Amino acid sequence: MNRQTRRYKVQLAVIGSGLAGFAASVFALERGIHCAQVGNTGAIAYTTGYFDLLGSHQHRLLNDPWAGLDRLLSSEPDHPLSRIAKAEIRTAFDRFTQTLTEMGISYTRAGDRNLFALTPAGTLKPTLSVPMTMQSGIAARERGAKVLIADFWGLQGFSANEFVANGKASWPQLSATRLAFPDMESGAQVFPEVMARALEVPVNRERLAERLSAVLGDAESIGMPAIMGIHKPDHVHAELERLVGVPLF
Amino acid sequence: MNTQETNGVETFETDVLIIGGGVTGTGVMRDLALRGIHCLLIDRRDLNAGASGGNHGLLHSGGRYASQDAETAAECRQEGDILRRIAAECIDDCGGLFVAVEGDDPEFAEAFSGHCKAAGIQCTSLSPMEAREREPMLSERVFAAYAVTDATIDPFRITLGNVNHAQQLTRSLFLPHTEVERFEIENGVISSAWCRDMRTGARRRILARQVVNAAGAWAMQVAQLAGCSEVRLLYSKGTLIISNTRIGQGVINHLRRPGDGDILVPGGTVSLLGTTSDNIESLDDIRPTVAEVERVLNEGRAMVPCLEKTRFIRAFSGVRPLLLASGSGADGRAVSRGFTLFDHQDQGLENFATVTGGKLTTFRLMAEKTGDLVARRLGNTQPCRTATESLPSGDAIRWTEPGFAPRDWYKRNDPQDMILCECEMVPQSAIDSIVESAPGAEQQMTLQAIGVRSRVGKGSCQGSFCSIRVTSHLYDRGVYDSSQGLLHMRDFLSARFKGVQPVLWGEQMPQMELSEALHCSLMGLDQLESQSDAPDGIGDPEST
Ligand SMILES: Cc1cc2nc3c(=O)[nH]c(=O)nc-3n(C[C@H](O)[C@H](O)[C@H](O)COP(=O)(O)OP(=O)(O)OC[C@H]3O[C@@H](n4cnc5c(N)ncnc54)[C@H](O)[C@@H]3O)c2cc1C
């Protein structure tokens, strides 16, 4: 392999490409600092994409993370979150989600309350800001809406049955279905990255939308594994919703 | 066998109740079934939940005991030969070395071959150079080396094979998570054993003509339930660590008086280094500690310096039940590794026997002696057949063998049969076969139970990924239909973490950070209980 040394002259080098590194670069760029970020994608591929502030304190789930911060300050004064002013946290959240939104990955704005966001296992997770693509799922759960969860032949690690089994206690109107993804019908293993990429192409969206519409019945909304686009998730999500005619998450 | 319900208590009837699902209890089960006797085996947790699932898996040549305990040494040699014949599939006949390094007692090393000879153990002297040719990672400071006929044995395969065979022979039965709590004794006879289902809390009553206590380190407690005080045990805890690759072709023993970290045993694709030996008072909450791991590593490095840089994926501990004869001292290693069969006749009991102590290597012999006693008491004249009758294999019991799952998957050549555990290449079909028909399979099998019956979660990710995939698969198959499935997954991971936590440094650290991110941040497993406290999912009703 040809390993050439490449040289960049910048004002700031950010080492690490996790969320912290990414945020550091964003804030530096906002200040007009010329920077370069290095690192591989690593664990970020396994995250929910939810931005938490404080979900629980001493084994209690928190509705109000900001009040939770006060309790954290008294129980753990050395906790990193105890060292930052609330106002600063709020601004940082806003600026970060704003930047992502401008990049085509819209986020909900951090509010006063935690959102109880859905996990792939159908459990709930307290968090402060979620991608807009997940927003309708949270809303549907709050309303107790009739929702269909779809999974795919050959896709591992996401089971609509599992989602429903875990969610149904607090959300009885859930049901599960299994679909074949367009052009991936053999039942052999399929991969979420590949599916997400395929949905960037209009014709695949149309074909998937047809299949979703066919199973929709009287459901108000459909939930799916995280496959809605990879480069332009907002666009893919909006297009699919337009084609199926109900909110998707 | 009859099962009936009286006053809401499930009652079972059998010829022989066996308490303890380790190699000894399951060995007794098969031994008796081969004589046509029906058995009911119970374990408070699961198969191999005790020392049988927490050992080195070394099929001792006897060399280890040759210098101190010639009787045990000879027993090991004989039993090793028998097991090689009847259970070849469970054994890796990899051979072993005894090596002394600078600083060890040269006289002890010198005398070794003589002691082996006296016990009838094959032993060949090697030059340090020859030893390093066989095992190149041996220290350059080795000054004496002997080759012996050590081998490794898979205790899970043995146990599953025993139960499987007994089920086939006499429809004997194994009940997991069933703990004996109390015996009813009338006129010198145990008339019934009262048990509790550890998962549901339900009570069970077992009517058996004979009762065998094969509860390993717990045998003293179980004997006391029957009012028998003559079973006196010393609990000796041992801790081992597992490397993420196999280090060495065969077994490597430190040629000195037994001490910490002086045996390195290959186990398929990994190696096990151990063990410590510490007397403990209580059998509750046995877990490996950082200090024990350090001790094992420090000692092991003297023989095999590369252990310094080896990645370890997990530690685990087991408790040896050592029999305390009156007058023997308190040093765990000096107490005999022999076993004892108590017929409890002196205590006035006609139908109770206890067998404990011993080794994995000698489990068959322990079972034979126990089987002889129990059969005689039942008036059964069939001889023991375990020394000649091979342990049959079967589809549902082969998954603990490293490399079996990928071979089987490759042969099936079914593109829809997806791999769920990537480290050990365990596909869906393997999980389906275990859930359907492995010994102790139940309607709602836990991930831990599946782990005991396969290699799921044994690779370097230690269950991080496969736990999620296997759980999803079980939901898809309808095995799980409530949040119980996720609780099983959480319990499996917590149990794994007990063993991972003391070896968290270097490369294993980021692996576990990733695991935490997956299970807590992504799946919310850490919040499961908090959520079940507040069923609508929203906790903290504006409190404090
Ligand atoms: C660290 C270590 C390393 C070892 N290495 C080797 C080795 O390399 N080679 C070798 O030959 N031997 C080795 N041994 C010894 C060997 O593991 C044991 O001798 C053997 O496994 C004992 O098996 P067992 O069936 O008698 O007991 P166990 O396997 O301990 O089984 C007892 C069972 O009884 C159950 N039980 C307890 N109480 C109750 C109750 N009230 N009701 C129902 N069930 C109950 C327990 O859950 C347990 O599963 C080692 C031991 C240790 C601890």
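Conventions used here
Residues numbered from 1 in each chain as written. Chains lettered and ligands numbered in written order. Predicted model: local features only at pLDDT ≥ 70, side-chain atom pairs only at ≥ 80, totals over all residues. Heavy atoms only, no water. Helix = DSSP H or I, 4+ residues; strand = E, 2+ residues; numbered from the N terminus. Rg over C-alpha atoms; globule rule 2.2 N^0.38 Å. Buried < 20%, exposed > 50% of the residue type's maximum accessible area, 1.4 Å probe, protein only. Areas by Shrake-Rupley, 256 points an atom, 1.4 Å probe, with all protein chains shown as cover. Contact = heavy atoms within 4.5 Å. Near = heavy atom within 4 Å. Polar contact = N/O pair within 3.5 Å; in protein donor to acceptor, adjacent residues only side chain to side chain. Nonpolar A, V, L, I, M, F, W, Y, C, P; charged D, E, K, R; others polar. Domains from an automatic or database assignment. Buried area = accessible area lost by both parts, 1.4 Å probe. Salt bridge = Lys/Arg side-chain N within 4 Å of Asp/Glu carboxyl O. Pairing = 2+ DSSP bridges. Axes fitted to C-alpha atoms, helices over the stretch in contact; angles between N-to-C directions. Core = buried A, V, L, I, M, F, W, Y, C linked by side-chain atoms within 4.5 Å. Parallel < 35°, antiparallel > 145°, perpendicular 65-115°, else oblique. Left-handed = near helix turned anticlockwise from the far one by under 90°.

### Description of the overall build of chain B
Across its full length, chain B holds 16 helices and 23 strands. Scaling as 2.2 N^0.38, a compact globule of 544 residues should have a C-alpha radius of gyration of about 24 Å, and chain B matches this with 24 Å. Overall, the C-alpha framework of chain B stretches about 70 × 60 × 55 Å when taken along its three principal axes. The buried share of chain B, reckoned over its 544 residues, is 60%. When the accessible surface of chain B is split by element, carbon and sulfur atoms take 47% of a total near 21300 Å².

### Quick notes on the overall build of chain A
Assigned secondary structure in chain A consists of eight helices and nine strands. Along the first, second and third principal axes, the C-alpha set of chain A runs to 55 × 55 × 30 Å. Looking at chain A as a whole, 49% of its 249 residues are labelled buried. Looking at chain A alone, contacts between residues at least 24 apart form 62% of all its contacts between residues at least 6 apart. Taken as a whole, chain A presents about 12800 Å² of accessible surface, with 54% of it coming from carbon and sulfur.

### Details of the site of the ligand
Residues and elements named next belong to chain B. If you check the shell around the ligand, you find 36 residues, and the closest are Thr-24, Asp-43, Ser-52, Leu-58 and Thr-361. For the ligand, an oxygen atom lies 2.5 Å from a polar atom in the side chain of Ser-52. Within the backbone of Val-180, an N or O atom sits 3.1 Å from a nitrogen atom of the ligand. Considering the ligand on its own, with 1000 Å² of exposed area, one finds that the protein chains cover 97% of that surface. Broken down by secondary-structure element, the contributors of at least two residues to the shell around the ligand are α1 (23-34), β11 (178-186), β14 (233-243) and β19 (312-323). For the shell around the ligand, a count of residues per class yields 13 nonpolar, 18 polar and five charged. Residue assignment places the shell around the ligand across two domains, with domain 1 (2-51 + 156-232 + 337-378) and domain 2 (92-151 + 237-323) each supplying three or more.

### As for the interface of chain A and chain B
Facing the 38 residues of chain A at the interface are 36 residues of chain B. With both sides pooled, the region where chain A packs onto chain B buries about 3000 Å², and carbon together with sulfur makes up 51% of that total. Looking at the side of chain A facing chain B, the largest losses of area belong to A:Tyr46, A:Leu61 and A:Gln156, adding up to 21% of the total buried there. Linking chain A with chain B are one salt bridge.

### Overview of the sheet that holds strand β9 (residues 151-153) of chain B
Residue and element names in this part refer to chain B. A sheet is described by the order of its strands in space; here three strands give the open sequence β4-β9-β5, paired in antiparallel fashion. Where the open sheet ends on each side, the last strands, each with one partner, are β4 (58-59) and β5 (91-92). In the sheet, β4 pairs with β9 via two bridges, with the strands oriented antiparallel. Among the inter-strand pairings, Leu-58 is bridged to a residue of β9, identified as Thr-152.

### Some words on the sheet that holds strand β7 (residues 147-152) of chain A
All names here are of chain A. A sheet is described by the order of its strands in space; here three strands give the open sequence β8-β7-β9, paired in parallel fashion. The open sheet terminates on both sides in strands that have one partner only, identified here as β8 (174-179) and β9 (221-223). Sheet twist, expressed as the mean angle between neighbouring strand axes with direction ignored, is 30 degrees. Strand direction decides the pairing type here: β7 and β9, joined by three bridges, are parallel. Looking across to β9, one finds that Ile-149 is bridged to Gly-223.

### Focus on the domain arrangement of chain B
Where interface size is given, it is often the accessible area lost as the parts come together that is meant. All names here are of chain B. If you check the domain split of chain B, you get domain 1 (2-51 + 156-232 + 337-378), domain 2 (92-151 + 237-323) and domain 3 (400-437 + 441-527). Of note, the centres of domain 2 and domain 3, computed from C-alpha atoms alone, are 30 Å apart. Every contact between the two is made by 17 residues of domain 2 and, on the other side, 17 residues of domain 3. Summing both partners gives a buried area of about 1400 Å² for domain 2 against domain 3, and 56% of it is carried by carbon and sulfur. The largest share of the area that domain 2 buries against domain 3 comes from Arg-311, Ile-313 and Arg-314, three residues that together contribute 45% of it.

### Section: the nonpolar core
By size, the foremost hydrophobic cluster in this structure holds 46 residues, and its most contacted members are A:Ile149, A:Phe152, A:Phe181, A:Ile222, A:Met224 and A:Leu240. Broken down by secondary-structure element, the contributors of at least two residues to this core are β5 (115-118), α4 (132-143), β7, α5 (160-167), β8, α6 (192-198), α7 (202-216) and α8 (233-244) of chain A. If you tally residues by element for this core, the top one is β7(A), at five residues. Shared between two domains, this core holds at least three residues of each, these being domain 2 (49-130) and domain 3 (131-244) of chain A. Residues within four places of A:Phe152 in sequence aside, it is in contact with A:Arg178, A:Leu179, A:Ala180, A:Phe181, A:Met195, A:Leu208, A:Met224, A:Pro225 and A:Ile227. Core analysis: the next-biggest nonpolar cluster, separate from the first, contains 39 residues, B:Cys421, B:Val479, B:Leu522 and B:Leu525 among them.

### Here we look at the packing of helix α2 (residues 65-75) of chain A against helix α3 (residues 86-102) of chain A
Residue and element names in this part refer to chain A. Viewed as axis vectors pointing N to C, α2 and α3 meet at an angle of 140 degrees, and their least axial separation amounts to 11 Å. The angle between α2 and α3 places the two elements in the oblique class. For α2 against α3, the interelement crossing comes out right-handed. Contacts between α2 and α3 involve Trp-66, Leu-69 and Asp-70 from the first element and Lys-86, Ile-89 and Arg-90 from the second. Its residues assigned to classes, the contact of α2 with α3 comprises three nonpolar, no polar and three charged.

### Considering the domain arrangement of chain A
Each assigned domain of chain A is listed with its residue range as follows: domain 1 (9-47), domain 2 (49-130) and domain 3 (131-244). Spacing between the C-alpha centres of domain 1 of chain A and domain 3 of chain A amounts to 32 Å.

### A few points about unusual backbone geometry
Residues and elements named next belong to chain B. Omega for the peptide link from Gly-274 to Thr-275 comes to 0 degrees, which places this bond in the cis form. The topology assignment puts Thr-275 in the loop between β17 (270-274) and β18 (278-280). Here the phi dihedral of Arg-171 falls at roughly 55 degrees; this positive angle occurs in a residue that is not glycine. By secondary structure assignment, the location of Arg-171 is in the loop between α6 (155-170) and β10 (173-175). At Asn-187, a residue that is not glycine, the phi angle is positive and equals roughly 50 degrees. Position of Asn-187 relative to the elements: it lies in the loop between β11 and β12 (189-197).

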